[in-house]
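# Structural overview
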Amino acid sequence: MSVSANDSAKVSVRGFLAKYSVLIAFAAIVIFFAIASPTFLTPANLFNVLVNNVVMLAIVALGLTIVISSGGIDLSVGVSVDMASMIFVMLLAAGYSGVVGVAGGLGAALIVGILNAILITRLNISPFLATLGVLFIGQSTQQLATSGGQPIYLTSGYAADQFNAIARTALLGIPTPVVVLIVLAVAVHLLLHRSVFGRYVQAMGAQPGVAWYSGIRVPRELSMVHVLCALLAGVTGILLSATVKSYVPLSGNAFLLDAIGATFIGTTLSHERKPSVIGTLLGVLLLAIVKNGLLLVGWNFYWQQVGIGVLVFLVLAASFGLRRAAH
Amino acid sequence: MQTAKRDIAVSMTGISKRFGPVRALEDANLEIARGSILGLVGQNGAGKSTIIKVLAGIIKPDSGSIVINGETVASLTPASVEKLGVHFIHQDRLLVPTATVGEAVFLGHEIGLGPFVSRRAMERKAAELLKRFFGMELPAGTLVKDLTTAQQKVVQITRALAQKASVLVLDEPTAALVKREVDSLFEVLRRLRDDGIAVVFISHYMQEIEKLCDRVTVMRNGTDVGTVDPRQTPIDGIIAMMIARDVGEMFPKRAVTLGAPVLEVGNLRLGGSFENIGFNVRAGEIVGLTGLLGSGAKEIVQCLFGLKTAEGGQVKVEGRQLSLSTPVKAVRDGIAMLPEDRRAHGVALGLSVRENISLASLRRYSRTGMVSRSSENQAVDGLIKELSIKTPHRDALVRELSGGNQQKVAIAKWLSCQSRVYVLDEPTVAVDVGAKVEIYNLLNRLAGEGAAILLLSSDLLELVGVCDRVLVVYRGRLAGSFSGPSMNSDALLAASSGARSNADGVAA
C-alpha cells in the first residue's frame, strides 16, 4: 500500500532506525561505558574483551547461525564444546601431541554432530527435541567420565604449554584466537551467503517443502548443517581448554544462550529476519561489551545477566516495533 | 440499471480510491439487492477486493457515496458496518481452532453473566441456530479444528446470522472445498437468499458463478464494466468482459508436430490408489490427466515425481529407465514438477525471485560449490524477461508478487533446469484469468520447444482448451483417452464419473 510523500519520509526514517537498531544500540553503549568507566576504552581492556569474551562465543554463534538459518536449532552446542575440551585435555594429559589432541577434540565434537544429524534426519525428531536429548545425555556422560564432575588440569607437559603459549601469541599484531575467529567467520560467511550449500540452507529455512520439491537432498544438507555447527563448537572447546589449561565439566553450556541471543540480535539487521554472519558477530560484540562494561562500572555478575536480558528485549522490541510502524 | 423495483440493501456509487499513483477504484458502482445472490468477478487487481474492503470499512474511499438500508453512511469502520448488518466471510478462515462451535459462533458476543461466559448456553444456542438455518445436526461442543473446511464456513455464516446479518459477503468461499461441500454451501446460500438476505459471492470459478448467482457484476481496471444475468450471458461472455478480449484468445491454439515419446509410463501400480497405468507423452505434446478426488490421478503424478514410490511398473524418460524414489532423483532425471500447493511446495515466499528461480539449478551457475552471481543474475534476468514476470527487481521477495507471477517464478525454476518433462498439478488454481492465459501460452511454448507436458487438472474447460489429448482416471484405472472432436467437457465428465468410457479406446 502506498502512502503520501510526507508519510513515506517518516516511514523511511523509522525503517532506517529499525534496520540499524543494533548498530545504534552498539554505538550508544560504547559511548555510555566510555564515559562511565575510564578503563573501558583502554587497549588492554578491549584486548581482554576480544580474546576472552568475544572469540569463543562468536565461534559457537557462527555454528548456530548456520543451524538457525536452516530453520532448526542446536541446544547441544555446549555439549560439543565440552566433549572437544574433555577429549583434548585428556589426550594432552596422557602425553599425546597437540595435533592428536586437536584431532581427538574435533572428533568428539563431530560425533555429537553426527548423533544430532541421525536423530533429526533419520528418526525425524524435531531439531529442538533431538538436540535437547543430546544435551541431557552429553551432560551425564561428562559427569560419569569425571567421577561426578571433577575438573582435569593440565599442570605440565610440553604440548599443553605450547598450546597455552599459542593462545597468547599474536600474528601480525592480532591475537591468535582472533585470527582463528576471523578465518572461521570469513569461511562461514562465504559458505552461508555465497555457496550452493548456503542457498540450500536458506531454502530449507524459508520453506522446507520447496527445498524438497526442488530436488535438494534435504536430509544430507541438514546433516551437514548439524555437523558443521558441532565442529565449530568443538573449536571453541579446544580454544577454551588451551586458554585455561584445564577441562571443567559442563562449562560449555554458558555459551548456548548467549550464542542464541547474539544470533537473534543479528537477525534484526535483515528485513526478513534471516540470520547472517555479520549480524551474529555484531550481536556477540554487543553482548560482550555490555558484560564487560557492567563489570567495569561495578555491577555484580547477577545484575549483568539482568542487563543483558533487558538489552536483548530493547534491541528486538525496537527493531520489531519500528519495523511494524514502518509498514 | 433497473434499480427501481428491486429492494436494494447496499448501494455504492462513484467510489474512487487511489494509492499513491495507482488508481485502485475509479468511479466504481456496486449494488446489492435483498433476496438475491450477486456474483462479483474480475481479474486480480480489477478492484473487487478493494471495493469490498471499502464496504467493510477497512479502506476509506477518496470519493463516492455508500447507502446501506436506505441510509447514507458518511464513514464506515469494521465495527459500525457490522452493526448495520453487513457481514464478511473472509477467504482465510478466521476461527480460533481450539474453540468449540458454540464459542466460535458467539465470539465477541458471548452469552453469560458479567465476566463469566456460559459455554453451555452458547453451545445450546449455536446448535439451535445451526439446526434452524441449515438443518445441520452439529454437536456444538465440537472443536473448530475437528470440523471440515465446509463446516467451518457454515459456522462463520451462522456467526453472522446470529448477529442478524442482512448482507453477507463471501470472498472465495469455495477455494478450499471439495465438490460435495461446495454443493451443500450453495444449498445454504440459496436458502439464505430465499429468506431475503442479500448475498455477495466472490469467486474465480466461472462454473460456480453460473450455477449460483442471480446477477453478476464484472469489474475491470478499477471500475464495474457491467452487471449481467449469468443465465443469459454465457461464461465466455463474462470472461470476455473481464479480460476485454475474445475468449478464443484464452486458449491459444498452436500447431506442433509431435516428436518421439519422451515420457513412457508402463503398467504403473500403487496399491490402494491405481494399477495398470500406461501412457506416453511425446515431445511437443500436452497430455491432460483428470479424475475425481480419490480416483488415483493425483497419486500417479506424485509417483512420477518420486513423492510416492510406485509398487510396480516402469517410467522412462527419453528411453532411459528411471528409479523414482525421491524428488531428488526425479529432478536429476529431467522431470519438473509444478505442485498444487504453491506456497508450501512451489515457491519459497521468504526468498527472492532470484533465489527461487535458481534453486533447482544452482550447480549450473556455480564453480567449486560457490555460486557465480553474475551468471546467475544473467540467467535469472533472462527468465524474468522471457516469462514477463512482473517484479520490481530480481531481488524482490516472491511474497510481494501476485499469485500468477508467483506461479511463473515456479515455472521459471524448471526452465532454468532445462527439464524435459513437465508435470503440472493444478497449475491455474487461484490464478486470475489474465495470468492463466499467460501460463497457457507458456505451456504451448514449452511444448513447442519439444518438452513433454503432463497436465493434471480438474478444470475441464482448461483441459479441453489446452491439451492435445486427455486421459481420464476412474477408480485407479485409465477410463478413457480423448482427443480431437471426442475431447469435450461432457465426455470428460462422463468418463470421470464412470458413466462412459473409452472414446478413443485405451491401449491397455
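Scroll up to find the structure.
Given the structure is predicted, the values throughout are model-derived calculations rather than measurements. (Residues numbered from 1 in each chain as written. Chains lettered and ligands numbered in written order. Predicted model: local features only at pLDDT ≥ 70, side-chain atom pairs only at ≥ 80, totals over all residues. Heavy atoms only, no water.)

### Some points on the overall build of chain B
- Along the backbone of chain B there are 17 helices and 24 strands.
- By the compact-globule yardstick of 23 Å for 508 residues, chain B fits well, its C-alpha radius of gyration being 25 Å.
- Each principal axis of the C-alpha distribution contributes one length, and for chain B these read about 70 × 50 × 50 Å.
- Relative to its 508 residues, chain B shows a buried fraction of 55%.
- In chain B, the share of contacts with a sequence separation of at least 24, taken over all contacts with a separation of at least 6, comes to 64%.
- Of the roughly 21800 Å² that chain B leaves accessible, carbon and sulfur atoms contribute 50%.
- The average position of the 61 basic charges and that of the 54 acidic charges among the side chains of chain B differ by 3 Å. (Helix = DSSP H or I, 4+ residues; strand = E, 2+ residues; numbered from the N terminus. Rg over C-alpha atoms; globule rule 2.2 N^0.38 Å. Buried < 20%, exposed > 50% of the residue type's maximum accessible area, 1.4 Å probe, protein only. Contact = heavy atoms within 4.5 Å. Areas by Shrake-Rupley, 256 points an atom, 1.4 Å probe, with all protein chains shown as cover. Lys, Arg positive; Asp, Glu negative; His and termini not counted. Charge placed at Lys NZ, Arg CZ, Asp CG, Glu CD.)

### Focus: the nonpolar core
All names here are of chain A.
- Counting residues in each nonpolar core, the largest one holds 92 residues, and the members touching the most others are I59, L62 and L286.
- Top contributing element to this core by residue count: helix α3 (residues 43-69), with 15 residues.
- For L62, the contacting residues outside a window of four places in its chain are L181, L184, A185, V188, L232, V277, T280 and L281. (Core = buried A, V, L, I, M, F, W, Y, C linked by side-chain atoms within 4.5 Å.)

### Side note on the environment of L270 of chain B
All names here are of chain B.
- Mapping L270 onto the fold places it in strand β13 (residues 261-270).
- In this structure, the C-alpha to C-alpha distance between L270 and A9, residues 261 residues apart in sequence, is 55 Å.
- Those residues in contact with L270 that sit more than four places away from it in its chain are E299, C303, K308, T309, A310 and E311.

### Some thoughts on the pairing of strand β12 (residues 223-228) of chain B
All names here are of chain B.
- Inspection of the sheet shows strand β11 (residues 215-220) paired to β12 by five bridges, in the antiparallel sense. Following the sheet pairing, M219 is matched in β12 by D224.
- The turn joining β11 and β12, which pair antiparallel and follow one another in sequence, is formed by two residues; a positive phi near 50° is taken by N221. (Pairing = 2+ DSSP bridges.)

### Focus: the sheet that holds β11 of chain B
Residues and elements named next belong to chain B.
- Taking strand neighbours across the sheet as the criterion, the six strands line up as β6-β9-β10-β3-β11-β12 in an open arrangement whose pairing is mixed. Of all strands in the sheet, those with a lone pairing partner are β6 (86-89) and β12, marking the two edges. Geometrically, the sheet is characterised by an average inter-axis angle of 20° between neighbouring strands, direction not taken into account.
- Here strand β9 (residues 167-171) pairs with strand β10 (residues 198-202) via five bridges, running parallel. Within the sheet, the bridge partner assigned to L170 lies in β10 and is F201.
- Lying on the sheet, helix α8 (residues 235-243) is in contact with β3 (36-41), β11 and β12; it crosses β11 at an angle near 25°. (Axes fitted to C-alpha atoms, helices over the stretch in contact; angles between N-to-C directions.)

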